[in-house]
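Notes for the structure review
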Amino acid sequence: GSKVFRGDLLVIPIEDSILYVEPIYLEATQAQLPELKKVIVSFANRLEMRNDLTTALKAVFGVSTAATPPKKGPTSKPTGPATAPGSAGELAKQALSAYRAAQGKLKAGDWAGYGAEQDKLREALEQLGKALAPALAPKKKGPDKKGPEKKAPAKKAPAKAPAKKATPAKAAAPAKAKAKPAPAN
């Protein structure tokens, strides 16, 4: 038999967003060494699960095999090889290389080496996020013809008179006191 378990969730801040990476492992009862089966990657409103980190990152960031993302329109041409230094493809390869090296260090029980490779992975993913940030930034709409909308100042509620203290209700107005006959002398 075997069991499936999730690896450590990596939470990597990139600009004003966060990149989440979580590996999924399969561990055989006899082997006792986990095997990477899937990688879940989430960024902004995109979530992908793929067989390895590179394809998951490419799927989330919408990276094609070209060095730059394809432009819309019939005149789009790749500007360079897929592994140009600093390209999204190269940065994804660096991240995958650091991830694999970290897994090797983890299997060997080298915790210091594992931590160093995790740092390399974080750095590569941060660079990848910066490289892809312009393509992932929300499109800004042009200014309205009327100009920016101004909000009216909030109106204050009219001041209320202070509440009077509640007094117990009296059953009825006091009845006129009955005159008591004066004592006779």
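Our subject in this report is the structure included herewith. Owing to the predicted nature of the structure, the values given are computational and were not obtained by experimental measurement. (Residues numbered from 1 in each chain as written. Predicted model: local features only at pLDDT ≥ 70, side-chain atom pairs only at ≥ 80, totals over all residues. Heavy atoms only, no water.)

1. What about the pattern of salt bridges?
Operational definition: The rule for a salt bridge is simple: a side-chain nitrogen of Lys or Arg has to be within 4 Å of a carboxyl oxygen of Asp or Glu. Remark: exposure states derive from per-residue accessible area (1.4 Å probe, protein chains only) relative to the maximum for the residue type, with buried under 20%, exposed over 50%, and partly exposed in between.
As enumerated under the stated definition, the model contains 8 salt bridges in all. Its salt-bridge partner being Asp 110, residue Lys 105 comes within 3.9 Å of it at the nearest N-O pair. Judged by its relative accessible area of 31%, Asp 110 falls in the partly exposed class.

2. Quick look at the environment of Leu 132
What counts here: Comment: elements are numbered from the N terminus, with helices defined as DSSP H or I runs of at least four residues and strands as E runs of at least two.
Take Leu 132: it is sitting in helix H3 (residues 111-136). Taking relative accessible area as the criterion, Leu 132 reaches 4% and is therefore assigned buried. Taking the C-alpha atoms as reference points, Leu 132 and Phe 61, 71 residues apart in sequence, are found 7.3 Å from one another.

3. Some details on helix H2 (residues 88-108)
Rule in force here: How far a helix is expected to stretch is found by multiplying one less than its residue total by 1.5 Å.
Over its 21 residues, H2 extends 30 Å from the first C-alpha to the last, a length consistent with the 30 Å expected when each residue adds 1.5 Å. Among all positions in H2, only Ala 88, Gly 89, Leu 91, Ala 92, Ala 95, Leu 96, Ala 98, Tyr 99, Ala 102 and Gln 103 are buried. Positive backbone phi, approximately 80 degrees, marks Gly 109, located one or two places after H2.

4. Quick word on the packing of aromatic side chains
Let me state the cut-off plainly: Pairing of aromatic side chains here covers Phe, Tyr and the six-membered ring of Trp, requires ring centres within 6.5 Å, and sorts the geometry by plane angle: under 30 degrees stacked, over 60 edge-to-face, intermediate tilted.
Summed over all chains, the structure comprises 3 aromatic pairs. Ring geometry for Phe 43 and Phe 61: centres 5.0 Å apart, planes at 55 degrees, overall tilted. With Phe 43 in strand S4 (residues 34-43) and Phe 61 in helix H1 (residues 53-61), this pair connects stretches of sequence that are 18 residues apart. Take Phe 43: its relative accessible area is 6%, and that puts it in the buried class. By relative accessible area, Phe 61 is classed as buried at 7%.

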